[in-house]
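Structure at a glance
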Amino acid sequence: MKNCSRLLKPLNALRDPKNNLMSVQIRRLDTADPDFKTSLMVLLAFEAAEDEAIDRAAANILAEVKQRGDAAVLDYTRRFDRLAASNVSALEIDAAELQAALDGLSPQRRDALQQAADRVRAYHQRQKDECGSDGFSFTEPDGTVLGQKVTALDKVGIYVPGGKAAYPSSVLMNAIPAKVAGVGEIIMVVPTPDGVKNPLVLAAAAIAGVDRVFTIGGAQAVGALAYGTATIPQVDKIVGPGNAYVAAAKRRVFGTVGIDMIAGPSEILVLADGSTPADWVAMDLFSQAEHDELAQSILVCPDADYLDRVANSVNQLIDAMPRKEVIRTSLTNRGAMVKVRHMDEACEIANLIAAEHLEISAAEPTQWADKIRHAGAMFLGRFSSESLGDYCAGPNHVLPTSRTARFSSPLGVYDFQKRSSIIHVSAAGAQTLGKVAAELAYGEGLQAHARSAEMRLE
């Protein structure tokens, strides 16, 4: 483990003497190395433990919002977003402003947003139809009816990041499946530091059918949604990404409300057979690395020469990227190129990593996809770049990270529905079931349970 830690400490980017530019030295791993698995697991490790100071701050904010409601929301919004408002109602964006934002988009951008929304809606509508939107029931020979009723949640809160970045795609991916599921009311919160609103985010809210929008963010927004205030209604579930304070607050309110997940840094894993242009794959690695210095981009391939070509492409393309320093740090510290013996082994590695985004960039991607058990989303073939899934392909881009794809699924219609069991026992059915239940209840020492069943016996 000592050697492994030393091997995987952050590498420094090296200066290329030919062009005086900083080259990226992406870590190279090989499955033939006896320490490969240990090295890989150290590379994948992401410390998701809560920062005590952040957790403490989030806890204090939540306690204040729970106790003082609107007043606390106003105080924290003034403090963190520098927005002075006399009451929380002044922080709500009305439907007319959302529609004005949509109407104000250029025709080209509005059309792109509409097409993305239509595709996301169509995909999730099919998801709802395939799941069986109304549940099921069946009748046994004695007349007993058993089944399941599916109902949508009443109110859902959507957190949309603001400030440094704006994510209209996040609005579509969280709001549309909730609407398709039949959620009664969608409350969106989005921080607008210094009062700066992003028109594309507001337009996305209009096109997705969001019911109410408040310009608040941080742990105070999570608290307002979870507990409700005089102005902001309490919701049943909170979904959507946010910073460390938002994540800490979501952890703490879980149980009072439902949450979608606690997301880690973005990830991409590319399984390549060497048939895709190296520049394409290099840019695919960039597409996740540009999110965050902690984002992770990994390329797995049986062809060592192809790994070299992609590494060269990385260094040729990186300096044209506006977020090149973020990309450089991400690739240097958390990226990797892995040499495998063959594509079957690449699939084994993919199942071990259980990546958020998995690209199978191969001539015959389906045969390898059949071997994949763990991935948030799979992008098959050379033309299926991960970025298409982020914006407009249709399937949801809210995906499990940090190896949680081993047991978690993408956000979907099913996350906005709940299921109630239906048990309608006939008089005849009670004669059979009552005897079974009474026997088991006596065995557990629960006499009232047993007698309740026995009273219905003839």
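Parameters at a glance
- Every chain is numbered independently, its residues counted from 1 as its sequence is written.
- With the structure being a predicted model, the display of local features is reserved for residues of pLDDT at least 70 and the display and counting of side-chain atom pairs for 80 or more, all residues being used for whole-chain, interface and lining totals.
- Water and hydrogen atoms play no part in the side-chain values, which are based on all heavy atoms of the structure.
- A run of H or I in DSSP counts as a helix once it spans at least four residues, and a run of E counts as a strand once it spans at least two, with each numbered from the N terminus.
- When accessible area is computed with a 1.4 Å probe and restricted to protein chains, residues below 20% of their type maximum are described as buried, those above 50% as exposed, and intermediate ones as partly exposed.
- His residues and chain termini do not enter the charge count, which takes Lys and Arg as positive and Asp and Glu as negative.
- Charge positions come from single atoms, namely NZ of Lys, CZ of Arg, CG of Asp or CD of Glu.
- Centres within 6.5 Å are what make two rings of Phe, Tyr or Trp a pair, Trp counting through its six-membered ring; a difference in plane orientation under 30 degrees is then read as stacked, over 60 as edge-to-face, and the rest as tilted.
- Nonpolar core, defined: a set of buried Ala, Val, Leu, Ile, Met, Phe, Trp, Tyr and Cys residues in which side-chain atoms within 4.5 Å join the residues together.
- Only heavy atoms matter for contacts: two residues are in contact if any of them lie within 4.5 Å across the pair.
- For helices, the fitted line uses only the C-alpha atoms of the stretch in contact; every axis is such a line through C-alpha atoms, and the angle between N-to-C directions lies from 0 to 180 degrees.
- Just so you know how the angles are binned, under 35 degrees is roughly parallel, over 145 roughly antiparallel, 65 to 115 roughly perpendicular, and the rest oblique.
- Take the far helix as the reference: if the near one is turned anticlockwise from it by less than a right angle, the crossing is left-handed, and if turned clockwise, right-handed.
- By this definition, two strands are paired if DSSP reports at least two bridges between them.
- Residue count minus one, scaled by 1.5 Å, sets the expected span of a helix.
- Starting at the helix axis, one direction is taken to each C-beta atom, and the arc is that of these directions.
- Known as pLDDT, the predictor's per-residue confidence is scaled from 0 to 100.
- When two cysteine sulfur atoms lie within 2.5 Å, the pair is treated as a disulfide.

A few words now on the overall build of the chain. A count of helices and strands for the chain gives 18 helices and 17 strands. Scored against the burial criterion, the 458 residues of the chain give a buried share of 48%. Within the chain, one finds 47 positive and 56 negative side-chain charges whose respective centroids are separated by 3 Å.

The next subject is the packing of aromatic side chains. For the structure shown, the criterion picks out two aromatic pairs. Centre to centre, the rings of Tyr76 and Phe80 are 5.9 Å apart; their planes meet at 5°, and the pair counts as stacked. Of this pair, Tyr76 and Phe80 both sit in helix 4 (residues 70-81), four residues apart, which is roughly one turn of the helix. Assessed through its relative accessible area of 13%, Tyr76 is described here as buried. Judged by its relative accessible area of 35%, Phe80 is partly exposed. Both rings, one in Trp280 and one in Phe383, keep their centres 5.8 Å apart while their planes meet at 55°; by these two values the pair is tilted. Of this pair, Trp280 sits in helix 11 (residues 278-289) while Phe383 sits in the loop between strand 16 (377-380) and helix 16 (386-391), placing them 103 residues apart in sequence.

Further remarks concern the nonpolar core. Leu113, Val171, Leu172, Met188, Val210, Val213 and Phe416 are the most contacted members of the largest nonpolar core, which has 40 residues in total. Breaking this core down by element, the ones donating at least two residues are helix 5 (95-103), helix 6 (107-131), strand 7 (155-159), helix 7 (168-181), strand 8 (185-189) and helix 8 (199-208). Excluding anything up to four places from it in sequence, Phe416 contacts Ala152, Leu153, Val156, Asn174, Pro177, Ala178, Ala181, Val183, Val239 and Leu411. In terms of nonpolar packing, the next biggest core, distinct from the first, is built from 32 residues, Ala58, Val73, Leu83 and Leu225 among them.

Packing of helix 2 (residues 36-44) against helix 14 (residues 343-353) brings their axes to within 11 Å, and their N-to-C directions diverge by 40°. Classified by the angle between their axes, helix 2 and helix 14 sit oblique to one another. Judged by the sense of rotation from one axis to the other, the crossing of helix 2 with helix 14 is right-handed. Residues Phe36, Lys37, Leu40, Met41 and Leu44 of helix 2 lie in contact with helix 14, whose contacting residues are Ile349, Leu352 and Ile353.

So, on to the sheet that holds strand 11 (residues 258-259). What the six strands build is an open sheet, ordered 4-9-8-7-10-11; its pairing is mixed. Each edge of the sheet is formed by a strand with only one pairing partner; in this case those strands are strand 4 (92-93) and strand 11. The sheet contact formed by strand 7 and strand 10 (residues 237-239) spans three bridges and is parallel. Across the sheet, the residue bridging to Ile158 is Val239, located in strand 10. Packing against the sheet, helix 7 makes contact with strand 7, strand 8 and strand 10, and its axis sits at approximately 165° to strand 8.

Taking 1.5 Å of rise per residue, the 17 residues of helix 3 (residues 52-68) would be expected to cover 24 Å, and the 24 Å separating its terminal C-alpha atoms lies within 8% of that figure. Buried within helix 3 we find Ile54, Asp55, Ala58, Ala59, Ile61, Leu62 and Val65. The buried residues of helix 3 occupy an angular sector of 165° when the element is viewed end-on, so they sit on one face. In helix 3, the exposed positions that point more than 90 degrees away from the buried face belong to Glu52 and Gln67. Summarising the contacts, the buried residues of helix 3 are in contact with helix 4, helix 9 (218-227) and helix 10 (244-253). Backbone geometry just downstream of helix 3 places Gly69 in the positive-phi region, at approximately 60°.

With that out of the way, let us pick up the confidence of the model for the chain. Model confidence for the chain is summarised by a mean pLDDT of 92, while 93% of its residues fall at 70 or above. Note on residues 1-15: pLDDT under 50 across the span, and 31 contacts to partners over four residues away in sequence or across chains.

Once that is clear, we can look at the sheet that holds strand 6 (residues 145-152). Taken in spatial order, the three strands make up an open sheet running 5-6-17, and their pairing is antiparallel. Sheet topology places strand 5 (136-139) and strand 17 (417-424) at the edges, where each strand pairs with a single neighbour. The average undirected angle you get between the axes of adjacent strands in this sheet is 15°. Pairing analysis gives eight bridges linking strand 6 to strand 17, with the strands arranged antiparallel. Residue pairing for strand 17: Leu146 is matched across the bridge by Ile423.

Under the criterion given, the structure shown has zero disulfides. Among the cysteines around Cys347, which has no disulfide bond, Cys301 carries the closest sulfur, lying 12 Å off.

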